[in-house]
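What follows is the residue order along each chain.
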Amino acid sequence: MSISESLGLPANSTRSKILDQIDPDQFRWAVPIMRAGYAGRALVYALVGGASIWSLIRGGQAQGTQDVMTWLGGTWDTAILWPIALGMFAYAIWRLVDSIWDLEAHGTDAKGLIARAGMVVTGAIHGGIGVLALSALGWANASGGGGAGGGGNGPVSRLMQTPGGPWIIGIVGVVTILVGGYYLRNAARQDYLEVLEANAFTRRADPVLRAGVAAQGIVVAIVGGLIFYAAFQSDASQAGGIGSAFEWLHAQPYGRALVGALCAGLIAFAIFCAVNAAYRIVPKAAGDGTRSMRAALQD
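Note that the structure is a prediction, hence the values are computed from the model and not measured. (Residues numbered from 1 in each chain as written. Predicted model: local features only at pLDDT ≥ 70, side-chain atom pairs only at ≥ 80, totals over all residues. Heavy atoms only, no water.)

**Q** Please clarify how a nonpolar patch on the surface should be interpreted in this entry.
**A** Nonpolar side chains collect at one region of the surface, where Val174, Ile177, Leu178, Phe228, Tyr229 and Phe232 lie side by side and expose about 600 Å² of accessible area between them. Where the nonpolar patch is concerned, the elements lending two or more residues are α8 (165-189) and α9 (200-233). Structurally, phenylalanine 232 is set in helix α9. (Patch = residues over 30% accessible without salt bridge, like charges linked within 9 Å, V, L, I, M, F, W, Y side chains within 5 Å. Areas by Shrake-Rupley, 256 points an atom, 1.4 Å probe, with all protein chains shown as cover. Salt bridge = Lys/Arg side-chain N within 4 Å of Asp/Glu carboxyl O. Helix = DSSP H or I, 4+ residues; strand = E, 2+ residues; numbered from the N terminus.)

**Q** Got a minute to help me understand the packing of aromatic side chains in this structure?
**A** Within a pair of aromatic rings, the relevant descriptors are the distance that separates the centres and the angle that separates the planes. Applying the stated criterion to the full structure yields 8 aromatic pairs. On the basis of an interplanar angle of 85° and a centroid distance of 5.2 Å, the ring pair of tyrosine 38 and tyrosine 91 is categorised as edge-to-face. Note that tyrosine 38 is positioned in helix α3 (residues 30-57) and tyrosine 91 in helix α5 (residues 78-100), a separation of 53 residues in sequence. The class of tyrosine 38 is buried, set by a relative accessible area of 3%. For tyrosine 91, a relative accessible area of 2% gives the class buried. Note on phenylalanine 201 and tyrosine 279: the rings are 6.0 Å apart at their centroids and 40° apart in plane angle, and the pair reads as tilted. (Phe/Tyr/Trp six-rings, centres within 6.5 Å; stacked < 30°, edge-to-face > 60°. Buried < 20%, exposed > 50% of the residue type's maximum accessible area, 1.4 Å probe, protein only.)

**Q** Honestly, helix α6 (residues 110-136) in this entry has me stumped. Any pointers?
**A** Residues lying three or four places apart along an α-helix face the same way, a consequence of the helix completing one turn every 3.6 residues. Relative to the 39 Å expected for 27 residues at 1.5 Å per residue, α6 spans 40 Å between its end C-alpha atoms, a close match to the ideal helical length. By the burial criterion, the buried members of α6 are Gly112, Arg116, Met119, Gly123, His126, Gly127, Ile129, Gly130, Leu132, Ala133 and Leu134. Glycine 138 sits one or two residues past α6 and shows a positive phi near 90°. (Expected span 1.5 Å × (residues − 1).)

**Q** Which parts of the structure should I look at to understand the pattern of salt bridges?
**A** Between side chains of opposite charge, a pair can form as their charged atoms come close. Tallying each qualifying case throughout the model produces 9 salt bridges. Put simply, arginine 28 and aspartate 25 hold a salt bridge, and the shortest N to O gap is 3.0 Å. A salt bridge links arginine 280 to glutamate 104; the nearest nitrogen and oxygen atoms lie 2.9 Å apart. Linking arginine 280 in the loop between α11 (255-279) and α12 (293-298) with glutamate 104 in the loop between α5 and α6, this pair joins segments that are 176 residues apart in sequence. In terms of burial, arginine 280 and glutamate 104 fall into one category: buried. One continuous salt-bridge network, built from bridges that share partners, spans Arg95, Asp98, Glu104 and Arg280.

Here it is in C-alpha cells:
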C-alpha cells in the first residue's frame, strides 16, 4: 500500500503524487520537533481555557494569553513558563520546517504556496507567545493587550499611524477571519483526520477534537473581526487577541454563558493539540503501516 493510500488521499491528487515519490526515512528527524511544538501548544490553550473557566466560576472575567502569562509569572513561574516558551518556539520552528521542506506535500502551485505561507505566519504568532512567556519570566519585554500587541504603544498602534497602515491592518484582519473560516471548515469536513493515526483512542476522542477545532475557528474569526474593525475605525485599541475576543463575546446577549462555552471549547482544542503531539502523522515521514483516521473511515 502506498503512503497516499494509507493516508486516505485521492490517487491522482498533487499530494499523492508527491508522497509516492519520497523516502520517509529522510524526514523522520522532523517528528520530534512536531511533537514538542504541539505539546507546548496544548499547554498554552489548556492554561488559557482552564484559567478563564476558573475566573468565571469565581465571578471574574475570562483571561487572554498575556493575562495568563502575567499571572503565571507571579505564581508558578519557571515550572510552567519555561515549558510553554520552549514548546512555542518548537512549534514555530516546526511550522517553518514544515513549510520549507513541504512536509505535508502541499506542492508549489498557488494553493500549496498559500498553505505553506500560512504555516510560517502561524509559527510566527506562536513564537510571539513564546516571547510572552519569556517576558513573564523577566527575559524579554512584550507590549500590548491579550497577546496581540494591541493598545496604545503596541505594534498595531504604531502601524496604524503610518501611511497605508490601516489598510495593512484591515487586510490582516480579513486574512485572520479567513483563517478562522479554515478552522471551521476543517471541523465541518473533518480534514484533520487525514493527519491523525487511526487507533481506538483517536476514534473515541473525535467528537472532542472536532469541537476543539471549531472553537479555535470561532476565536480566530472574532479576533480577525476585531482587527478589521480596528482598521475601519483607525483605532488600535479595538484590536486584540484571545482576551479581546472574550471581552467582545461577553458583551453580547448571554455573553457569560457564551464565553464559558468557548473556554470549554479551547480546552477541547488543547486536547486536540495534545492528541496531535502523540498521534499526528507527518506525511513525508509516514512509513509503511501508518494508517490515518480518514483512510480507516473509508474502508
